[in-house]
Amino acid sequence: MILLDDWLPQTYKLDRKDIEIRPLHREDYVRVPIYTARWLPREVFERTVFSAHGYASFLQQNAGVPLRCQNDRFHGFYQSGQLQGFSEWKLRGTTVVLNNFFLNDAIRCLGVGSTYLQEMLLHFSKSGISHVSLDVFTWNQGARRFYERLGFDSEHISGWYELELEDAASFEVDSYDYNGIRMMNWAEAKAMNQCYGLGSFTLQGAFGEEAVGLLKDQYYRLRGEALRVKQVVLALQQLGEERKVLITDGNPHCTSTAMKLVNESLRMRRTLTSAN
C-alpha cells in the first residue's frame with residue numbers, strides 16, 4: 001500500500017556540510033525554469049513547459065494545495081539558506097517519476113545527487129512504490145551513466161517530432177465521422193494558456209478521447225498515435241490557430257519528410273523491492 005502522506009519525505013538532512021533538503025519554498029519556484037534553462041540546450045528548452053511564460057506561477061498555485069494531497073512535489077536543496085538545486089517528483093499509481101533534477105556546481109561535486117537518490121529509492125521501497133522512472137536525453141550520456149550506476153535500466157527511445165498542422169492532415173489512417181466530434185474544456189485551456197503559457201483540452205468522438213496540450217502560442221502537443229485519426233487533425237485546423245504539432249512520445253506509425261526530428265529521450269526505469 002502506498003502511503004500518500006509521506007511517499008516523498010518532507011525534510012531530509014545530509015550527513016555532510018550544511019545542506020538541507022525540504023519542500024521547495026513558494027518564492028523559490030521562480031528558480032525552477034531559470035535553473036532548467038542552464039542545462040537544457042535552448043532549442044530543447046523552448047519545446048518544453050519549462051519555457052512557458054507563467055510556468056513558475058503555475059507551480060506556485062499548485063503549491064497552495066495541502067502537501068498530503070499533492071501527487072507532484074518538489075524538493076529544494078538549501079545550503080546556508082540558499083537554494084542550490086531542486087528535484088521534481090510525480091506519483092503515478094505505484095510508479096514515481098523523476099521529472100526534473102538540477103544541482104548547482106557548488107554541491108554537485110560533493111556527491112549530493114547520488115546520496116540523495118539512493119536515500120529516496122530506499123524510502124520509496126518502504127512506501128509501497130514499485131518502480132521509479134525517468135527520461136534522459138540521448139545526447140546526455142553522462143546522465144545516462146549516472147543513473148545506470150544507481151541501478152536504472154534503459155527501456156526505449158522516444159523521438160520528438162515537429163511538423164506543420166497542414167502537413168499532419170496527410171497522415172491519417174483511420175477515418176471517423178467528423179460531425180460527431182466534441183471539444184471539451186477548450187475555453188479553459190485557452191484561458192490557462194493566456195495566463196501561464198500552457199493548457200490542455202480533450203477531443204471526443206467515435207475514435208475515443210484524445211488529449212491535446214497547448215504550449216505557448218506555438219504548439220499543439222499530441223501523441224504520435226493521434227496522427228492516425230483524420231478527425232483530430234481536422235478539428236485542430238478548424239480552430240484557426242497557427243500552431244505547429246509537437247510529438248514527444250515516440251515515432252508515429254507514419255513517416256514523412258515533413259516531420260522534423262528535434263530531439264530524442266531515453267526512458268529509464270528501476271524496479272524496487274519492498275523494504276518493509
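Only a predicted model underlies this, so the values are computations on that prediction, with no experimental measurement involved.

(A) Broad picture of helix 5 (residues 112-126). If you check helix 5, its first and last C-alpha atoms are 21 Å apart, about what 15 residues at 1.5 Å a residue would give, namely 21 Å. Note on helix 5: the residue one or two positions beyond its end, glycine 128, has a positive phi of about 90°.

(B) Highlighting the side chain of serine 265. With respect to the secondary-structure elements, serine 265 resides in strand 13 (residues 260-271). Of the residues examined, serine 265 reaches a relative accessible area of 5% and is grouped as buried. Leave out the neighbours within four places in its chain, and serine 265 touches Asp135, Val136, Phe137, Thr138, His156, Ile157, Ser158 and Trp160.

(C) Region of the structure containing the packing of aromatic side chains. Scanning the entire structure with this criterion turns up 16 aromatic pairs. On the numbers, 5.5 Å between centres and 70° between planes, the contact of phenylalanine 58 with tyrosine 196 is edge-to-face. Placement of the pair is phenylalanine 58 in helix 3 (residues 55-62) and tyrosine 196 in helix 8 (residues 186-196), with a sequence separation of 138 residues. The exposure class of phenylalanine 58 is partly exposed, given its relative accessible area of 22%. Pairing phenylalanine 137 with tryptophan 160 gives two aromatic rings, centres 5.7 Å apart and planes at 75°, and the pair type is edge-to-face. Here phenylalanine 137, found in strand 6 (residues 131-137), pairs with tryptophan 160, found in strand 7 (residues 153-164); they are 23 residues apart in sequence, far enough to count as distant. Accessibility classification places phenylalanine 137 together with tryptophan 160 in one group, the buried group. An aromatic cluster is defined as three or more aromatic residues linked by ring pairs; in this entry it consists of Phe77, Trp89, Phe101, Tyr116 and Phe124.

About the criteria used
Residues numbered from 1 in each chain as written. Predicted model: local features only at pLDDT ≥ 70, side-chain atom pairs only at ≥ 80, totals over all residues. Heavy atoms only, no water. Helix = DSSP H or I, 4+ residues; strand = E, 2+ residues; numbered from the N terminus. Expected span 1.5 Å × (residues − 1). Buried < 20%, exposed > 50% of the residue type's maximum accessible area, 1.4 Å probe, protein only. Contact = heavy atoms within 4.5 Å. Phe/Tyr/Trp six-rings, centres within 6.5 Å; stacked < 30°, edge-to-face > 60°.

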